[in-house]
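Coordinate inspection notes
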Amino acid sequence: EAWKARMVDKKYMSDLCLEWSSGEDSDMIDSQMEKDILAKLESHKDLKKLRIRGYRGTMFPDWVGQSFYHNMTELVLSGCGNCWVLPSLGQLPSLKRLDISDFDKVKRIGGELVRS
């Protein structure tokens, strides 16, 4: 279903907010399926603002934080309680605002946030 949205073709969209609802079966989450869904919601490369809330996967797909999002100025990641790995956010050259909150399982933040 997610690929039908064809987000990558929506070239005039500058802001994208993806929000997961917390279902009753929050203990029975298929993190690979969550990652696959988010992977299929990849946006076009000129996106300026991205918000992801309540994502239930353990890791983000490769497109989140990639350097080809050269126009992205704002990134908000919140309520991703199952996630234990942050994307490589240091690769976003135009990023001015970064908000990361409620990542209960992230134990350590390393070089993935450093701009190279």
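Structure: above.
Here is a short report on the structure shown in this document. Keep in mind that what you see is a predicted model, and the values were worked out from it rather than measured. (Residues numbered from 1 in each chain as written. Predicted model: local features only at pLDDT ≥ 70, side-chain atom pairs only at ≥ 80, totals over all residues. Heavy atoms only, no water.)

1. Comments concerning the environment of Met59
This is how it is decided: To qualify as a helix, a DSSP run of H or I must reach at least 4 residues; to qualify as a strand, a run of E must reach at least 2; elements of each kind are numbered from the N terminus. Contact between two residues is taken to exist if any of their heavy atoms lie within 4.5 Å; hydrogens are not considered.
Tracing the sequence through the fold places Met59 in the loop between strand E2 (49–53) and strand E3 (74–78). Met59 sits 28 residues away from Ser31 along the chain, and the two C-alpha atoms are 8.1 Å apart. The contact partners of Met59, leaving out residues within four places of it in the chain, are Lys35, Cys83 and Val85.

2. Quick word on the nonpolar core
The cut-off we apply is this: Among the buried residues, those of types Ala, Val, Leu, Ile, Met, Phe, Trp, Tyr and Cys that are joined through side-chain atoms within 4.5 Å form a nonpolar core. Relative accessibility thresholds used throughout: buried, under 20% of the residue-type maximum; exposed, over 50%; partly exposed, between the two (1.4 Å probe, protein chains only).
With 27 residues, the main nonpolar core has Leu38, Leu50, Ile52, Phe60, Met72, Leu75 and Phe103 as its most contacted residues. Counting only elements with at least two residues in this core, the list comes to strand E1 (15–19), E2 and E3. With near-sequence residues (within four places) excluded, Phe60 lies in contact with Lys35, Leu38, Ile52, Tyr55, Leu77, Cys80, Cys83, Val85, Pro87 and Phe103.

3. Regarding the sheet that holds E1
Consider a sheet: its strands pair through backbone hydrogen bonds, and that pairing is either parallel or antiparallel. Stated formally: A pair of strands is considered paired only if DSSP assigns at least 2 bridges between the two. Only the stretch in contact is used when a helix axis is fitted, and all axes are lines through C-alpha atoms; the angle between N-to-C directions ranges over 0 to 180 degrees.
As summarised here, the arrangement of the 4 strands in space is E1-E2-E3-E4, forming an open sheet in which the pairing is parallel. Looking at the sheet topology across the chains shown, the edges are occupied by E1 and strand E4 (97–101). Geometrically, the sheet is characterised by an average inter-axis angle of 5° between neighbouring strands, direction not taken into account. Sheet topology note: the E3/E4 ladder contains 5 bridges and is parallel. For Ser78, the partnering residue across the bridge sits in E4 and is Ser101.

4. Quick word on the pattern of salt bridges
Put simply, the rule is: By convention in these notes, a salt bridge is any Lys or Arg side-chain nitrogen within 4 Å of a carboxyl oxygen on Asp or Glu.
If you walk through the whole model with that rule in mind, you get 7 salt bridges. When the shortest N-O distance is used, the salt bridge between Asp15 and Arg51 registers 4.0 Å. Taken together, the positions of Asp15 in strand E1 and Arg51 in strand E2 put the pair 36 residues apart, joining distant regions of the chain. Among the salt bridges present, the one from Glu74 reaches Arg51, with a minimum N-O distance of 3.6 Å.

5. A short note on the pairing of E2
Pairing of E1 with E2, which is carried by 5 bridges, proceeds in the parallel orientation. By the bridge assignment, Leu16 is partnered in E2 with Leu50.

6. Quick look at the side chain of Ser43
Note that Ser43 resides in the loop between helix H1 (31–40) and E2. What makes Ser43 buried here is its relative accessible area of 0%. When neighbours within four sequence positions are excluded, Ser43 is seen to be in contact with Met7, Val8, Met13, Leu16, Trp63 and Tyr69.

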